[in-house]
Amino acid sequence: MDIDHPDVKAEVEAAFAAYETALVTNDVPTLEALFWDDPRTIRYGIGENLYGMDAIRAFRRARSPVGVERRIGETVITTFGRDFATASTLFWRESHPGKVGRQMQSWARLPEGWRVVAAHVSLIDEVSA
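Residues numbered from 1 in each chain as written. Predicted model: local features only at pLDDT ≥ 70, side-chain atom pairs only at ≥ 80, totals over all residues. Heavy atoms only, no water.

- The name an unreviewed UniProt entry assigns to the protein is Oxalurate catabolism protein HpxZ, from the organism Methylobacterium nonmethylotrophicum.

Structure follows, in structure tokens:
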């Protein structure tokens, strides 16, 4: 299996960057477009468990656009073959001092392009080293 093929990795990095921009600008149509529109898509959030794109879509459309800005770091994107990848990142929000967020996404290349097929977001206390 070809892991981290440069062309494939660049494609996923671009999709991840588009997702991040859409997230911090509350661009709901783009956020929806970057998720697989399927009942098998899952998003575990900080305060919700969403099964299927209909539930994810309802969450995105009802969410307040206030306080969505964040800073990310320690992002790791790994591709497996030409059609699957994971993206993991840490994030910090001014609205959650002393906390660090963790986000993991599984991306798949589908006929319509790269899409998130599963995601998990959590928030924990930030621990000093």
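Additional details are given in the paragraphs that follow.
## So, the overall build of the protein
- A count of helices and strands for the protein gives three helices and six strands.
- Listing each helix as α and each strand as β along the protein from the N terminus yields α-α-β-β-α-β-β-β-β.
- Scaling as 2.2 N^0.38, a compact globule of 129 residues should have a C-alpha radius of gyration of about 14 Å, and the protein matches this with 15 Å.
- Projected onto its principal axes, the C-alpha positions of the protein cover 40 × 40 × 20 Å.
- Across the 129 residues of the protein, 42% fall into the buried class.
- Side-chain charges in the protein split into 15 positive and 19 negative, and the spacing between the mean points of these groups amounts to 4 Å. (Helix = DSSP H or I, 4+ residues; strand = E, 2+ residues; numbered from the N terminus. Rg over C-alpha atoms; globule rule 2.2 N^0.38 Å. Buried < 20%, exposed > 50% of the residue type's maximum accessible area, 1.4 Å probe, protein only. Lys, Arg positive; Asp, Glu negative; His and termini not counted. Charge placed at Lys NZ, Arg CZ, Asp CG, Glu CD.)

## So, the sheet that holds strand E4 (residues 84–92)
- The six strands are arranged E2-E1-E6-E5-E4-E3 in an open sheet whose pairing can be described as mixed. Every interior strand has two partners, whereas the edge strands, strand E2 (49–51) and strand E3 (71–80), have only one. Strand-to-strand, the axes of this sheet are offset by a mean angle of 15°, without reference to chain direction.
- Summarising the sheet, strand E1 (residues 42–44) and E2 pair through three bridges and their orientation is antiparallel. Residue Ile42 lies in a different strand from E2, and its bridge partner there is Tyr51.
- Docked against the sheet, helix H1 (residues 6–24) engages E3, E4, strand E5 (99–110) and strand E6 (113–125), running at close to 130° with respect to E5. (Pairing = 2+ DSSP bridges. Axes fitted to C-alpha atoms, helices over the stretch in contact; angles between N-to-C directions. Contact = heavy atoms within 4.5 Å.)

## Notes on the side chain of Thr78
- Relative to the helices and strands, Thr78 is located in strand E3.
- Look past the residues within four positions of Thr78 in its chain and what remains in contact with it is Ile3, Asp4, Phe84, Ala85 and Thr86.

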